[in-house]
Amino acid sequence: RLTESGLSMVDWHLVKEMKPPRTQQEWEAEFQKYQQFPEFKILNHDMTLTEFKFIWYMEYSHRMWGRVVGLAYVLPAAYFWRKGWLSRPMKGCVLALCGLVCFQGLLGWYMVKSGLEEKPDSFDIPRVSQYRLAAHLGSALVLYSASLWTGLSLLLPRHKLPETHQLLRLRQFAHGTTALIFLTALSGAFVAGLDAGLVYNSFPKMGERWIPDDLLAFSPVLRNIFENPTTVQFDHRILGIASAAAVTALYLFSRKIPLPRRTRMAVTSLLAVACMQVGLGISTLLLYVPTPLAATHQSGSLALLSMALWLMSELRRVPK
């Protein structure tokens, strides 16, 4: 999304598109297909074939990487299943994860299609639907979270923690903080989808105000949350600040409770990554969203979610 390359491949074939164009004639045919769609007509009408190759390869790499991910799930799962190494609960988990991988690919193409549609009454820059982008990102986050949680459950032995009232509160606090981090990451899809990071490039105020004048410019009011770039950026800021505050409070609360060394490392790592992510977010905003920094910020959201899931895994109850 950051390199504006998501609409360069205008069709989808599971096997056929795995072979990229090789000859000049094949590249020109691919470029001509792209020229039939709104992004070229409205935004990139002066694009050269060399420039097209760059965005095409960016999208191609993304799609091929998705196929590699799919094979990394399906092939080992089939092998372990055939060998009889999976328990019955694990078979259900493996099927769910493989199903999510397939769903993620279909959802990606459904998202791309929204940016290829002709909109005669619109003069806006062609882009994919921010709703479908958020769904695609949300599905990827669910897949990643489920995979990580499954791995941690299998690899890390559970701690026999005393079920005190404070520990119960810490566990609930960790669950709530993880949900908030997930929601903040998901809101980033709306920021990317609407280029909302380019609306107000100042911090902590938005321009000269704490609350901008155009926060509720759209009607009905509910549209602003998902379609007004100003509101989308404002919400992402609030969610980011709330996540950082929740992580800090969680860390301070955990200091009052005796915890195993590994669990203490998880809490400290969560705080460290949260501080890094806040710094990346503010820097990305102030520097007008340079692609490398913005991509690092997006990666940071996944790192932060990973730390939160690790902490949740550390605080799991031991089954009776």
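Residues numbered from 1 in each chain as written. Predicted model: local features only at pLDDT ≥ 70, side-chain atom pairs only at ≥ 80, totals over all residues. Heavy atoms only, no water.

Inclusion rule: UniProt positions are given in the numbering used here, feature names are shortened, and annotations may be inferred rather than shown by experiment.
In the nomenclature of an unreviewed UniProt entry, the protein corresponds to Cytochrome c oxidase assembly protein COX15 from the organism Pygoscelis adeliae. UniProt's Subcellular location (unreviewed entry) comment on the protein is quoted here verbatim: "Membrane". Of the comments in the UniProt record for the protein, the one headed Catalytic activity (unreviewed entry) reads "Fe(II)-heme o + 2 A + H2O = Fe(II)-heme a + 2 AH2".

## Remarks on the packing of aromatic side chains
So the rule is basically this: Only Phe, Tyr and Trp rings take part, Trp by its six-membered ring, and two of them pair if their centres are within 6.5 Å. Stacked means planes under 30 degrees apart, edge-to-face means over 60, and tilted covers everything else. Under the DSSP-based scheme used, a helix requires at least four consecutive residues in state H or I and a strand at least two consecutive residues in state E, with every element numbered from the N terminus. Three exposure classes are used, based on accessible area relative to the maximum for each residue type with a 1.4 Å probe and protein chains only: buried under 20%, partly exposed in between, and exposed over 50%.
Summed over the entire model, instances satisfying the criterion amount to 17 aromatic pairs. Arranged with centres 6.2 Å apart and planes meeting at 85°, the rings of Y57 and Y60 form a pair that is edge-to-face. Pair noted here: Y57 and Y60 are both in helix α3 (residues 49-83), with a separation of three residues, about one helical turn. Under the relative-accessibility criterion, Y60 is labelled buried at 13%. Aromatic ring contacts, followed pair by pair, group W27, F31, Y34, F40, F52, W56, Y57 and Y60 into a single cluster.

## Observations regarding a nonpolar patch on the surface
What counts here: Two distance rules govern patches: like charges are joined within 9 Å, and nonpolar side chains (Val, Leu, Ile, Met, Phe, Trp, Tyr) within 5 Å, applied only to residues with over 30% relative accessible area and no salt bridge. All accessibility values rest on the Shrake-Rupley procedure with a 1.4 Å probe; residue burial counts only the protein chains present in the view. When a carboxyl oxygen of Asp or Glu lies within 4 Å of a side-chain nitrogen of Lys or Arg, that pair is called a salt bridge.
Taken together, the side chains of Y131, L222, I225 and F226 define a hydrophobic patch exposed on the protein surface, amounting to about 370 Å² of accessible area. As for its position among the elements, Y131 is in helix α5 (residues 130-155). Using a relative accessible area of 37% as the deciding quantity, one classes Y131 as partly exposed.

## Quick notes on the pattern of salt bridges
Summed over the entire model, instances satisfying the criterion amount to twelve salt bridges. For E17, the salt bridge identified is with R63, shortest N-O distance 2.9 Å. Here E17, found in the segment before α1 (24-34), pairs with R63, found in helix α3; they are 46 residues apart in sequence, far enough to count as distant. You'll find E17 and R63 in the same group, each marked buried. Its salt-bridge partner being R317, residue E163 comes within 3.8 Å of it at the nearest N-O pair.

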